[in-house]
Amino acid sequence: MSTPLLAIGPGPLELERIAASLASSAGQAAGVDGAVVTFLGLVRDHNLGRRVRYLEYEAYEPLALKAFERIASEIATRWPDTRLALHHRVGRLAIGDASVAIATRSPHRANAYAACRYAIERVKQIAPIWKREFFDGGDVWIEGATADPDAADARAEAERIACA
Amino acid sequence: MRVTVRLFARLRDIAGAAELTRDVAPGSTIGTVWRQLASEYPGLAAYEQAISTAVNADYARMDRVLGDGDEVAFLPPVSGG
């Protein structure tokens, strides 16, 4: 079974397969690409001075997939030669588990690096996904950005970080 | 008409339900439903300036007019990644 480019679900993330899915994308001539950049986000054992025991991720999955499609489309506009694969995990994750896997593939490394960084910044801005942190002594929902995919300032900020 | 309401993360905890159904008048907007919920669950009111909203799994603004059978989602600030 082929690996989809964009996905969200409870299964463990397989970065190699996700990166490999970009090689077999339709419409791409073999050999034109010179770079694959990957990012794996991990569950950390500390946050804001708290000792984290584990995380639970929840998502509005159909809208999260559409947000991923939007990010892929933004990348295709900003870096036309660069393609994105993006998988996010939901459910209970242990310390050290991967929560998000991103791969970008391009003829040149600069665009692959920039698009990869852009993708994770945009996930944090617009994907309807939430993490609940269980720490020594309690638990808390983490709340970051108010998701607004049309907000030009947020998109510009992600691009600024990606190209810094 | 009847709409389905989806609540996520902290909003779900406050209301004690992930999904609700509500009868609303024709012409009601997302904002109408939000204000009704916030009066039922006062803890929600503090989120008014921070939430995002969606209809049928597409982002939409508070002034979006709803149709019968629509699924309205209220999303607290996100924290994926």
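Just above, that's the structure.
Computed from a predicted structure; not experimentally measured. Position labels on residues start from 1 in each chain and follow its written sequence. For naming, the first written chain is A and the first written ligand is 1, with later ones following in the order written. Local features in a predicted model are, by the rule used here, given only for residues with pLDDT of at least 70; side-chain atom pairs are given and counted only at 80 or more, and totals for whole chains, interfaces and linings are based on all residues. With hydrogens and water stripped out, all remaining heavy atoms of the structure feed into the side-chain values.

1. Describing the overall build of chain A
Part 1 of the reasoning: A helix here means a DSSP run of H or I that spans at least four residues, while a strand means a run of E at least two residues long, and both kinds are numbered starting from the N terminus. The number of helices and strands found in chain A is four helices and nine strands.
Part 2 of the reasoning: Just to be clear, the radius of gyration here is over C-alpha atoms, and the globule rule we use is 2.2 Å times residues to the power 0.38. Radius of gyration (C-alpha) of chain A: 16 Å, near the 15 Å computed for a compact globule of 164 residues.
Part 3 of the reasoning: Counting only C-alpha atoms and orienting by the principal axes, one finds that chain A spans roughly 55 × 40 × 30 Å.
Part 4 of the reasoning: Excluding contacts between residues fewer than 6 apart, the proportion of contacts in chain A whose partners are at least 24 apart in sequence is 75%.
Part 5 of the reasoning: Element-wise, carbon and sulfur atoms account for 52% of the exposed surface of chain A, whose accessible area totals about 8000 Å². In what follows, residue pairs with any heavy atoms lying within 4.5 Å of each other are defined as contacts. Reported accessibility uses the Shrake-Rupley method at a 1.4 Å probe radius. Residues are deemed covered only where the shown protein chains occlude them.

2. Concerning the overall build of chain B
Part 1 of the reasoning: Along the backbone of chain B there are two helices and five strands.
Part 2 of the reasoning: When the elements of chain B are put in sequence order from the N terminus, they spell out β-α-β-α-β-β-β.
Part 3 of the reasoning: For the C-alpha atoms alone, the extent of chain B along its principal axes is close to 35 × 25 × 20 Å.
Part 4 of the reasoning: We call a residue buried when its accessible area falls under 20% of the maximum for its residue type, exposed when it is over 50%, and partly exposed in between, using a 1.4 Å probe and counting protein chains only. Within the span of chain B, comprising 81 residues, buried residues form 52% of the whole.
Part 5 of the reasoning: Taken as a whole, chain B presents about 3500 Å² of accessible surface, with 47% of it coming from carbon and sulfur.
Part 6 of the reasoning: We count Lys and Arg on the positive side and Asp and Glu on the negative side, and we leave His and both chain ends out. Charge coordinates come from a single atom per side chain, which is NZ of Lys, CZ of Arg, CG of Asp or CD of Glu. Here chain B contributes 8 positively and 10 negatively charged side chains, and the mean placements of these two sets differ by 4 Å.

3. With respect to helix α2 (residues 61–78) of chain A
All names here are of chain A.
Part 1 of the reasoning: Along its 18 residues, α2 runs 26 Å from first to last C-alpha, staying within 8% of the 26 Å computed at 1.5 Å per residue.
Part 2 of the reasoning: Every buried residue of α2 is accounted for by Leu-63, Ala-64, Ala-67, Phe-68, Ile-71, Glu-74 and Ile-75. Each buried residue of α2 lies within a common arc of 150 degrees when the element is viewed along its axis, so the set occupies one face. Multiplying 1.5 Å by the residue count of a helix minus one yields the expected span of that helix. The directions from the helix axis to the C-beta atoms are what the arc is built from.

4. Quick notes on the packing of aromatic side chains
Part 1 of the reasoning: A pair of aromatic rings is counted whenever rings of Phe, Tyr or Trp (Trp by its six-membered ring) have centres within 6.5 Å, and the orientation is called stacked for planes under 30 degrees apart, edge-to-face for over 60 and tilted otherwise. Counted under the stated rule, the structure contains five aromatic pairs over all chains.
Part 2 of the reasoning: Ring plane angle 35 degrees and centroid distance 4.8 Å describe the contact between Tyr-60 of chain A and Phe-8 of chain B, whose orientation is recorded as tilted. Of this pair, Tyr-60 of chain A sits in the loop between β4 (50–59) and α2 while Phe-8 of chain B sits in the loop between β1 (2–7) and α1 (9–15), placing the two residues on different chains.
Part 3 of the reasoning: Its relative accessible area of 0% is what places Tyr-60 of chain A among the buried residues.
Part 4 of the reasoning: A relative accessible area of 3% means that Phe-8 of chain B is categorised as buried.
Part 5 of the reasoning: Think of it as a cone above the ring: NZ of Lys or CZ of Arg counts as a charge over the ring if it is within 6 Å of the ring centre and within 35 degrees of the ring normal. Across from the ring centre of Phe-135 of chain A, 5.0 Å away, lies the NZ or CZ of Arg-50 of chain A, which sits over that ring.
Part 6 of the reasoning: Over the aromatic face of Tyr-54 of chain A sits the side chain of Arg-92 of chain A, whose NZ or CZ is 3.5 Å from the ring centroid.

5. Section: the interface of chain B and chain A
Part 1 of the reasoning: If you look at the interface, chain B gives 25 residues, while chain A gives 31 residues.
Part 2 of the reasoning: A 1.4 Å probe defines the accessible area here, and the buried area is the portion of it lost by two parts on being joined, summed over both. Overall, the association of chain B and chain A removes approximately 2300 Å² of surface from exposure, summing both partners, and the carbon and sulfur fraction of that is 51%.
Part 3 of the reasoning: Salt bridges are identified by distance alone: a Lys or Arg side-chain nitrogen within 4 Å of an Asp or Glu carboxyl oxygen. If you look at where chain B meets chain A, you find five salt bridges.
Part 4 of the reasoning: Distance and chemistry together define a polar contact, namely a pair of N or O atoms within 3.5 Å, with one atom able to donate a hydrogen and the other to accept it when in protein, and with adjacent residues in sequence counting only for side-chain atoms on both sides. Our count for the chain B to chain A interface comes out at 24 residue pairs in polar contact (both at pLDDT 80 or more).
Part 5 of the reasoning: Put simply, the parts of the chain that give the side of chain B that touches chain A at least two residues each are α1, β3 (52–55), β4 (58–59) and β5 (71–75) of chain B.

6. Topic: the side chain of Thr-4 of chain B
Part 1 of the reasoning: Topologically, Thr-4 of chain B is positioned in strand β1.
Part 2 of the reasoning: Leaving out residues up to four positions away in the same chain, Thr-4 of chain B has contacts with Glu-19, Leu-20, Thr-21, Asp-70, Glu-71 and Val-72 of chain B.

7. As for the pairing of β4 of chain A
Every regular strand shows the same layout, with side chains that alternate between the two sheet faces.
Residues and elements named next belong to chain A.
Part 1 of the reasoning: Bridging between strand β3 (residues 46–47) and β4 involves two bridges; their strand directions are antiparallel. Note on β4: the bridge partner recorded for His-46 is Arg-51.
Part 2 of the reasoning: One requirement defines pairing of two strands: DSSP has to find at least two bridges between them. In this structure, the hairpin formed by β3 and β4 is closed by a connection of two residues, where Leu-48 is found at a positive phi of approximately 50 degrees.
Part 3 of the reasoning: Where β4 and strand β8 (residues 129–135) come together, seven bridges link them in antiparallel fashion. Within β8, the residue paired with Leu-55 across the bridge is Glu-133.

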